[in-house]
Amino acid sequence: MRYAAAYVLAVLAGNATPDVATVSQILGSVGIDCDKTKAQKVIDACKGKDLEQIIAEGTKKLSALPTGGGAAAAPASAPAAAAGDAKKGGAKEEAKKEEKKKEESDEEGDDMGFGLFD
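As a starting point, this report considers the structure included with it. (Residues numbered from 1 in each chain as written. Predicted model: local features only at pLDDT ≥ 70, side-chain atom pairs only at ≥ 80, totals over all residues. Heavy atoms only, no water.)

**Some points on the overall build of the chain**
Here comes step 1: Scanning the chain from terminus to terminus reveals 6 helices and 0 strands.
Here comes step 2: N-terminal to C-terminal, the α/β element order of the chain is α-α-α-α-α-α.
Here comes step 3: Taken across its 118 residues, the chain has 14% of its residues classed as buried.
Here comes step 4: When contacts within the chain are restricted to residue pairs at least 6 apart in sequence, long-range pairs at least 24 apart make up 40% of them. (Helix = DSSP H or I, 4+ residues; strand = E, 2+ residues; numbered from the N terminus. Buried < 20%, exposed > 50% of the residue type's maximum accessible area, 1.4 Å probe, protein only. Contact = heavy atoms within 4.5 Å.)

Quick look at the structure:
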């Protein structure tokens, strides 16, 4: 990604055909070592293409990626409940523990020192 970003910066700065030395100089200006083979691979992939065309192709590829947001997995409480049932009154203890954990987690998220729309 850093090589592609350096290539785009060079093109935006007016260099229509950046070379490895240009990409290396851009990366070096921010303290990043340049791997010449990786830089050349990016340059070869972009050779003969317009920057807008490269961005359009990349955007198309990114739109196919899943963006997450899947449901969180439920905690595995079945083994703990089974062990609690073996003891007398285990269910009450388990309910108290769950209630206490729920109260603690509610307190954590109440106020984080800022409001979302402040």
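**Some remarks on the pattern of salt bridges**
Here comes step 1: In total, this model carries 2 salt bridges according to the counting rule given.
Here comes step 2: Of the charged contacts, one joins Lys 47 and Asp 44 as a salt bridge, the two residues approaching to 3.9 Å between their closest N and O atoms.
Here comes step 3: For Lys 47, a relative accessible area of 57% corresponds to the exposed category.
Here comes step 4: Taking the shortest distance from any N to any O, the salt bridge between Glu 57 and Lys 49 comes out at 3.4 Å.
Here comes step 5: The partly exposed category is assigned to Glu 57, whose relative accessible area is 30%. (Salt bridge = Lys/Arg side-chain N within 4 Å of Asp/Glu carboxyl O.)

**Observations concerning helix H3 (residues 36-46)**
Here comes step 1: Those residues of H3 lying buried are Ala 39, Ile 43 and Cys 46. One face of H3 carries all of its buried residues, which in axial projection span an arc of 70 degrees. With respect to the buried face of H3, the exposed residues turned more than 90 degrees away are Thr 37 and Lys 41.
Here comes step 2: Next to the buried residues of H3 lie helix H1 (2-12), helix H2 (20-28) and helix H4 (51-63).
Here comes step 3: Trailing H3 by a residue or two, Gly 48 shows a phi angle of about 80 degrees, which is positive. (Arc of directions from axis to C-beta.)

**Let's talk about the environment of Tyr 3**
Here comes step 1: Mapped onto the fold, Tyr 3 is located in helix H1.
Here comes step 2: For Tyr 3, a relative accessible area of 10% translates into the label buried.
Here comes step 3: Put simply, Tyr 3 and Val 42 are 39 residues apart on the chain and 6.7 Å apart in space, counted from C-alpha to C-alpha.

**What to know about the packing of H1 against H2**
In a packed pair of helices, the relevant descriptors are the angle between the two axes and the axis-to-axis distance.
Here comes step 1: One way to put it is that H1 packs onto H2 with a least axis distance of 9 Å and a crossing angle of 105 degrees. Considered as vectors, H1 and H2 are oriented roughly perpendicular to each other. Here Arg 2, Tyr 3, Ala 6, Tyr 7, Leu 9 and Ala 10 of H1 lie close against H2, whose contacting residues are Thr 22, Val 23, Ile 26 and Leu 27.
Here comes step 2: Grouping the amino acids of the contact of H1 with H2 by side-chain chemistry returns 8 nonpolar, 1 polar and 1 charged. (Axes fitted to C-alpha atoms, helices over the stretch in contact; angles between N-to-C directions. Parallel < 35°, antiparallel > 145°, perpendicular 65-115°, else oblique. Nonpolar A, V, L, I, M, F, W, Y, C, P; charged D, E, K, R; others polar.)

**A look at the nonpolar core**
For soluble globular proteins, the rule of thumb is that nonpolar side chains tend to be buried together.
Here comes step 1: Residues Tyr 3, Ala 6, Tyr 7, Val 20, Val 23, Leu 27, Cys 34, Ala 39, Ile 43 and Cys 46 constitute the largest nonpolar core, which totals 10 residues.
Here comes step 2: Those elements that provide at least two residues to this core are H1, H2 and H3.
Here comes step 3: If we ignore the near neighbours within four places in the chain, the residues touching Leu 27 are Arg 2, Tyr 3, Ala 6, Ile 32 and Cys 34. (Core = buried A, V, L, I, M, F, W, Y, C linked by side-chain atoms within 4.5 Å.)

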